[in-house]
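# Analysis of the macromolecular model
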Amino acid sequence: MNGSAASGSAGRGAAIWADAVRALALFAIDPAGLGGISLRAGAGTVRDHWLSLLKQALPPDMPLRRLPLHAGDDRLLGGLDLAATLQANRPIAQRGLLAEADGGVLLLAMAERIEPATAARLRAALDDRAVTLQREGLPCLLPTRFGIVALDEGADPDERPPTSLLDRLAFHLDLTDVSVRDIGDRPWTPADLAVARRVMAAGLPDDVISVPPARRIIPDAAQALCGAALALGIDSLRAPLLALHAARIAAALDERTEATDTDLGLAARLVFVSRATRFPPPRDAEQPEPDTEPDPQDDDNRSDQDDRPPSDPDDDPSDPDTMPDQPLADVVLQAALAALPPDLLARLARPDGGRGLARAPGRAGQMKASTKRGRPIGTRQGDPKNGARLHLLETLKAAAPWQALRRHPGSGTASATMTRFEVRREDFRIIRFRQRIGTTTVFAVDASGSAAMQRLNEAKGAVELLLADCYVRRDQVALIAFRGRGATVLLPPTGSLLRAKRSLAGLPGGGPTPLAAGIDAAAALADTIRRTGRTAVITLLTDARANIARDGSGGRPRAEAEALESARALRAAGVATLLVDTSPRPNPFARRLAETMRAHYVPLPYADASALSRAVRSAAAA
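For the structure given in this document, a descriptive report is provided here. (Residues numbered from 1 in each chain as written. Predicted model: local features only at pLDDT ≥ 70, side-chain atom pairs only at ≥ 80, totals over all residues. Heavy atoms only, no water.)

### A word on the packing of helix H10 (residues 221-231) against helix H12 (residues 261-272)
What counts, and what does not: Here an angle of 0 to 180 degrees is reported between the N-to-C directions of two axes, which are lines fitted to C-alpha atoms, with helices fitted over the stretch in contact. Numbering goes from the N terminus for both helices and strands, where a helix is a DSSP run of H or I of at least four residues and a strand is a run of E of at least two. Handedness of each helix crossing follows the sense of rotation of the near helix against the far helix: counterclockwise by less than a right angle gives left-handed, clockwise gives right-handed. Note on contacts: a residue pair is in contact if any heavy atoms of the two residues lie within 4.5 Å. Ten residues, namely Ala, Val, Leu, Ile, Met, Phe, Trp, Tyr, Cys and Pro, are considered nonpolar, four, namely Asp, Glu, Lys and Arg, are considered charged, and the remaining ones, Gly among them, are considered polar.
Where H10 contacts H12, the axes come no closer than 11 Å and their chain directions differ by 35°. Of the two possible hands of crossing, H10 and H12 adopt the one that is right-handed. Here Ala221, Leu225, Ala228 and Ala229 of H10 come into contact with H12, specifically with Leu264, Ala268 and Phe272. Its residues placed into classes, the contact of H10 with H12 shows 7 nonpolar, no polar and no charged.

### Some points on the nonpolar core
Under the convention used in this document: Nonpolar cores are built from buried Ala, Val, Leu, Ile, Met, Phe, Trp, Tyr and Cys residues. Side-chain atoms within 4.5 Å join them into one set. Note on classification: 1.4 Å probe, protein chains only; a residue is buried when its accessible area is under 20% of the maximum for its type, exposed when over 50%, partly exposed between these limits.
Counting residues in hydrophobic clusters, the biggest one holds 62 residues, and the most contacted among them are Trp50, Phe171, Leu175 and Phe272. The element contributing the most residues to this core is helix H1 (residues 3-29), with 11 residues. Setting aside residues no more than four positions away along its own chain, Phe272 makes contact with Leu225, Ala228, Ala229, Leu232, Ile234, Ala239, Pro240, Ala243 and Ala267. Counting 30 residues, the second-largest nonpolar core is a separate cluster that includes Ala444, Ala522, Ala567 and Leu579.

### Focus: the sheet that holds strand E18 (residues 535-542)
Selection criterion: One bridge is not enough; two strands pair if DSSP finds at least two bridges between them.
Read across the sheet, 6 strands follow the order E17-E16-E15-E18-E19-E20 without closing on themselves; strand pairing throughout is mixed. Strands with a single pairing partner mark the edges of an open sheet, and in this sheet they are strand E17 (486-494) and strand E20 (600-603). Taking each pair of neighbouring strands and ignoring which way they run, the sheet shows an average axis angle of 15°. Judged from the 7 bridges that link them, strand E15 (residues 439-446) and E18 form a sheet pairing that is parallel. Among the inter-strand pairings, Val445 is bridged to a residue of E18, identified as Leu541. Relative to the sheet, helix H22 (residues 497-505) contacts strand E16 (476-483) and E17, its axis offset from that of E17 by approximately 160°. Here helix H23 (residues 515-531) sits on the sheet and contacts E15, E16, E17 and E18; the angle it forms with E18, its principal contact strand, is near 165°.

### A look at the sheet that holds strand E9 (residues 171-174)
Within a sheet, adjacent strands bond to each other through the backbone by hydrogen bonds, running parallel or antiparallel. Pairing is parallel across the open sheet formed by 5 strands, whose spatial order is E2-E5-E8-E1-E9. A single partner strand is all that each edge strand has here, and the edge strands are strand E2 (64-67) and E9. Averaged over neighbouring strand pairs, the angle between their axes works out to 15° when direction is ignored. Note that strand E1 (residues 36-40) and E9 share 4 bridges and pair parallel. When the bridges of E9 are listed, Arg40 appears paired with Asp174.

### Concerning a positive patch on the surface
To keep it simple, the criterion reads: Without a salt bridge and with relative accessible area above 30%, a residue can belong to a patch; like charges are then joined within 9 Å and nonpolar side chains (Val, Leu, Ile, Met, Phe, Trp, Tyr) within 5 Å. Residue burial considers only the protein chains on display, and all accessible areas are found by Shrake-Rupley using a 1.4 Å probe. A side-chain nitrogen of Lys or Arg and a carboxyl oxygen of Asp or Glu constitute a salt bridge if their distance falls within 4 Å. Counted charges follow a simple rule, with Lys and Arg positive, Asp and Glu negative, and His plus the chain ends left uncounted. Where a charge lies is defined by one atom per residue type: Lys uses NZ, Arg uses CZ, Asp uses CG and Glu uses CD.
On the surface, Arg568, Arg571, Arg592 and Arg598 cluster together into a patch of positive charge. A residue is classified by how much of its surface remains accessible, and Arg568, at 41% relative accessible area, is partly exposed.

Encoded structure:
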């Protein structure tokens, strides 16, 4: 890296850190009003320093709670206090983390791995500003208002917190490119933030500020923010609302009660940039060409403007003092555009639009509920039979509220000398588990004469690379070759990489293309795999030049019709499928076949084995 590139990278890292500190200050003033912050950064000095600044910015009496990744409903929402219930002989509730964080901040560790159920409870608490507890005989509603700091430690683009939770957090910060050298001084003090909170409050002493609290906003601010969000491709209405509130807080931080265009620009930069999904179209492209002839008076005005002295080249066009009067919407949009990352075009060009892809079965395996093994995800009422494991503590909690009635069914009062604890069958709680089931990738390779002449060697190389990926993920693989008059299972499902490579190396080529037979064989093997409890993924590598039917008779029209019939059957089976068109030029029938079976279509003319493997992995992650 040369000196100019290094200085540019360092300058961008310092700018990212400065915006992260500004967002931290705004959030510390009103955590509940802004929803929260998503902080994408690995564990290290940069993140630790940011978190230490957050603790300094929060008031000493503001609660700060940390939510572990696998916290259960008892710790999250609250539940029955068993010891207190048995002592008082009546149900006693204990508060959960959401209620304890009322008026403060909830620190969410490893947010990229949060369970969907936990994310749903967090969303409900943020929207309702209350925790509804209706379990174990404890119907109650606990008010709570808090902000979330979601620590995102994802290493891949597809590892990120749920989108529905991110939508409720005002600021999405990414400190991945920030180094220790980029860390600068904070532009505020805790006393400044305390004054800003007083400005945002309802009443203020005269010695602090002599105007009403920061509840006002300049006219057309909401319309300008909504226009900027629309131009950047932001669909959610929460984004402009959060930006509007952030502008009010920014004005309060400067001890002002009315937000200006500078505050709106700062809010748009902090809220909109991470949510942008497109570049706004040029202003000239939006204006139609005039149909009328030019007015001669305009030429006179233009000549008068030409007689004016030239502007000073040292003037900065982004300086508010030298900038000509512009509509507020343009000012807000320009402030957001100035902070767009340089790699936005590359991220938007990805199939996911830069928002991250959901994990596919071929990458991590699907999850399946179980009562015997796996990771505990909660409890349910049930009978501990057939290998199910009893959760003793939850069973006692379920039985505790009914002890008074069970001891004295007639009077409903308990005797002081009665110490027996009665547990009935309906009190049993068994542990629910969730285990990740394995994935088996079925490679169906076209080994016909047309494929052998064109792309068979490249296809073999790509399959070898994919086999290595499957071995790293501990997935099983199977290999099917179709040529001549039928299809043959060369390798049944196995986890041995050596056996798979040996079978692939001995794959011969030549003969007609029985495409329907190859699809049928892959579908039958996938059905067998699914019956064993594993997830099946089919990768079909073919040039789609079908020329032989199932009964061995030749003819392209009939062979293509049977291939489409097999593709419809595979679609009905619901098996995830990838179709790689290995012909020299994209084959229209291959695309039609992929659409029929609802497969990911990957045409790769003139590509080597590495490019073929990368395209298949990219399609598998979609």
